[in-house]
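Listed here are the chains, written in short residue letters.
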Amino acid sequence: MIWVSWRQFRPQAIVAAAALAVIAVLLAATGPGIVSSYRSAGLATCHVNCGASASNFINGVGGLDQALFNATIVIGYLAPALIGIFYGAPLIAREFEAGTYRIAWNQSVTRARWTAIKLGLVGLVGVAAAGLLSLMVSWWANPIDQAAGLGGSASLQRLDPLVFNARGVAPLGYAAFAFAAGVTAGVLLRRTLPAMAITLVVFAAVQFAMPTLVRPHLLPPAHTTAPLNAQSAGISITGNPGSPPVIRVTGNFSKPGAWVLSDATITPSGAALTKPPAACLGPGQNAGPQSSAGGPGQCISALVDMHLRQYVAYQPASRFWPLQGIETGIYLILATGLGVVCGWQVRRKRP
């Protein structure tokens, strides 16, 4: 049974191994250069006030290294989806389409064992491939991730949703869930191509919902409230004709590596600042501080007199691994549940 399952799955395994080998060669060839640049920038021994050096290092990452960094993020998103589409969806759906399940189910091997071996063998290979890919990418991108965590870039730090999915152990959970979703779709639909399409839609929907709706609440966010420095704040005033203008004042929040969930400017009473002071409005209600009647200086002075504060909710950089572990566990639980559904469906279907 194991030998038959391996023979059926061998082409996909060979393609995956070849792709991993190519990626490994590229990362191994360019990784030492990035590590050398990281050390030359003094970041290996820097612990405080490293923002300028980290920014210089990240800005110096270009050419092939920058292309590889972007490519690894894309691959990190695609790999679990491809495992679900090409490993999971055809696994049992192909048996139904070809009619070979009638032969398999009339042998000495029980349906439960037949399903368990197929899911276990192919699923473990898919999860192992995703884990190996994540390990290689995490090693290669570690200097860039560390520099971003030191204040070099707010958009490249590991907790950023774009980067988070391609790092650590989370890709193992993504791969397991995508594979189980593909197998389940194949068992229910009994057609390979529709199962592939459904797998892609379901996986994409879950991957969108997790960082936007679930991940911010997996751990209680940290909060900070500090006086707003209006002199260095960003000020914008917007509004449509016939509606009151709305002001947005953006303060400077400095927590290297943190994932900012919300950033609001509030008044001493705790209310959100939305109505601009008169000094910030020019002849037209929608004018910004640069066009205000008293000039930008009076607008800023008016904001200073309001004693504004900045209220920020965020996930600290130290929560990267706890969030990775919790999210991976959620996906593994979902994958296990789908595996149980597959086994139950196979057992109740008539040959």
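Computed from a prediction, not measured in an experiment: that's the story for all the values here.

Let us now look at the packing of aromatic side chains. Scanning the entire structure with this criterion turns up 6 aromatic pairs. Their ring planes at 70 degrees and their centres at 5.6 Å tell us that Phe177 and Tyr331 sit as a pair that is edge-to-face. With a gap of 154 residues between them, Phe177 in helix α7 (residues 170-189) and Tyr331 in helix α10 (residues 320-348) connect regions that are remote in the sequence. Ring pairing ties together the aromatic residues Tyr174, Phe177, Phe203 and Tyr331, which thus form one cluster. Lying over the aromatic face of Phe320, Arg158 brings its terminal NZ or CZ to 4.0 Å of the ring centre. We note Arg190 situated over the ring of Phe96; from NZ or CZ to the ring centre the distance is 4.4 Å.

The interhelical angle for the contact between helix α3 (residues 63-98) and α7, taken along N-to-C directions, is 25 degrees, at an axis separation of 7 Å. The pairing of α3 with α7 is recorded here as roughly parallel in orientation. For α3 against α7, the interelement crossing comes out right-handed. Contacts between α3 and α7 involve Pro80, Ile83, Gly84, Tyr87, Gly88, Ala89, Leu91, Ile92, Ala93 and Phe96 from the former and Pro171, Tyr174, Ala175, Ala178, Phe179, Gly182, Val183, Gly186 and Val187 from the latter.

What follows deals with the sheet that holds strand β1 (residues 222-227). The antiparallel open sheet is built from 3 strands, whose spatial order is β1-β5-β4. In this open sheet, the two strands that pair with only one neighbour each are β1 and β4 (259-266). The average angle at which neighbouring strand axes cross in this sheet is 20 degrees, direction not considered. Where β1 lies against strand β5 (residues 309-315), 6 bridges are found, and the strand directions are antiparallel. In the sheet register, Pro227 faces β5, and the bridge partner there is Arg309.

Calculation rules
- Residues numbered from 1 in each chain as written.
- Predicted model: local features only at pLDDT ≥ 70, side-chain atom pairs only at ≥ 80, totals over all residues.
- Heavy atoms only, no water.
- Phe/Tyr/Trp six-rings, centres within 6.5 Å; stacked < 30°, edge-to-face > 60°.
- Helix = DSSP H or I, 4+ residues; strand = E, 2+ residues; numbered from the N terminus.
- Lys NZ or Arg CZ within 6 Å of the ring centre and 35° of its normal.
- Axes fitted to C-alpha atoms, helices over the stretch in contact; angles between N-to-C directions.
- Parallel < 35°, antiparallel > 145°, perpendicular 65-115°, else oblique.
- Left-handed = near helix turned anticlockwise from the far one by under 90°.
- Contact = heavy atoms within 4.5 Å.
- Pairing = 2+ DSSP bridges.

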